[in-house]
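Coordinate inspection notes
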Amino acid sequence: MRKIVLAMSISVDGFFAGPNGELDWHLVSDELHCHFNEHLRAMSAFLDGRVMHEMMAEFWPTADADPASTPPMVEFARIWRDMPKFVFSKTLEHADWNATIVREVVPDEIWRLKAEPGGDMAVGGAVLAGEFMRHGLLDEGWLYVQPVVLGEGRRLFSPDARVTLELVETRRFDNGVVLLRYDCHPG
């Protein structure tokens, strides 16, 4: 059965974005970006919330044509563009770039999707990840802890989140980011 994996950068104090949604504090070195590419290349789909999809669609469709893009960025642009995407939104009318709009998280439909053949699937967006957690649909959490304390911002986990995590891997990258990879157990 395919897994659903949450991969998200967070601050040491648990925020995925600043108070106004800013992500300028994320450190992404070539080493870290190559790591992302290696894992995401093997995925079979991106499961994104509307905000995440729109943010990605603003930059990645043409990033490989930008002379300022590094080789890992060029590779990721191609991965992102070619990967099937399921965009969960109640309001979005149209989504480009190999995307299918899904109106709501229906656990039975997600279990059916997980049972299909293919690689694992990456869930993107804190709100969507929270909904997947509430339904016991997350299998792994890859938390990339950035070496920064924000003090305020948007928390990754909602106050009602209750998931038992089993640490299965740690890795330190050249820029000080630390990966904490967990198996998720609802409860």
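Details of the structure are given in the entry above.
Please read all numbers here as calculations on a predicted model, not as lab measurements. (Residues numbered from 1 in each chain as written. Predicted model: local features only at pLDDT ≥ 70, side-chain atom pairs only at ≥ 80, totals over all residues. Heavy atoms only, no water.)

1. Thoughts on the pattern of salt bridges
- In this structure the tally under the stated criterion is eleven salt bridges.
- Arg50 is paired through a salt bridge with Glu54; the nearest N and O atoms lie 2.7 Å apart. Of the two residues, Arg50 and Glu54 both sit in helix H2 (residues 50-59), four residues apart, roughly one turn of that helix.
- A salt bridge links Arg181 to Glu140, with the shortest nitrogen-to-oxygen separation between them at 3.4 Å. A residue pair is termed long-range when its members are at least 10 positions apart, and Arg181 in strand E10 (residues 178-186) and Glu140 in strand E7 (residues 140-146) qualify at 41 residues.
- Residue Glu140 is classed as buried on the basis of its relative accessible area, which comes to 5%.
- Within this structure, Lys3, Glu140, Glu169 and Arg181 form a network of salt bridges that share partners. (Salt bridge = Lys/Arg side-chain N within 4 Å of Asp/Glu carboxyl O. Helix = DSSP H or I, 4+ residues; strand = E, 2+ residues; numbered from the N terminus. Buried < 20%, exposed > 50% of the residue type's maximum accessible area, 1.4 Å probe, protein only.)

2. Things to note about the packing of helix H1 (residues 30-41) against helix H3 (residues 71-82)
- At their nearest, the axes of H1 and H3 sit 9 Å apart, and the two run at 25 degrees to each other. Judged by the angle between their axes, H1 and H3 are roughly parallel. As H1 runs across H3, the sense of the crossing is left-handed. Residue-level inspection shows Asp30, His33, Cys34, Asn37, Leu40 and Arg41 of H1 in contact with H3, the latter providing Pro72, Met73, Glu75, Phe76 and Ile79. (Axes fitted to C-alpha atoms, helices over the stretch in contact; angles between N-to-C directions. Parallel < 35°, antiparallel > 145°, perpendicular 65-115°, else oblique. Left-handed = near helix turned anticlockwise from the far one by under 90°. Contact = heavy atoms within 4.5 Å.)

3. Looking at the nonpolar core
- If you look at the biggest cluster of nonpolar residues, it comprises 27 residues, and the most contacted ones within it are Ile4, Leu47, Phe88, Val123, Phe132 and Leu138.
- Of all the secondary structure elements, the ones that give two or more residues to this core are strand E1 (4-11), strand E2 (15-17), strand E3 (45-49), helix H4 (107-115), strand E6 (121-124), helix H5 (126-134), E7 and E10.
- Considering each element in turn, this core owes the most residues, five residues, to H5.
- Leu40, Ala63, Ile79 and Trp80 belong to the second-largest nonpolar core, a separate cluster that totals 21 residues. (Core = buried A, V, L, I, M, F, W, Y, C linked by side-chain atoms within 4.5 Å.)

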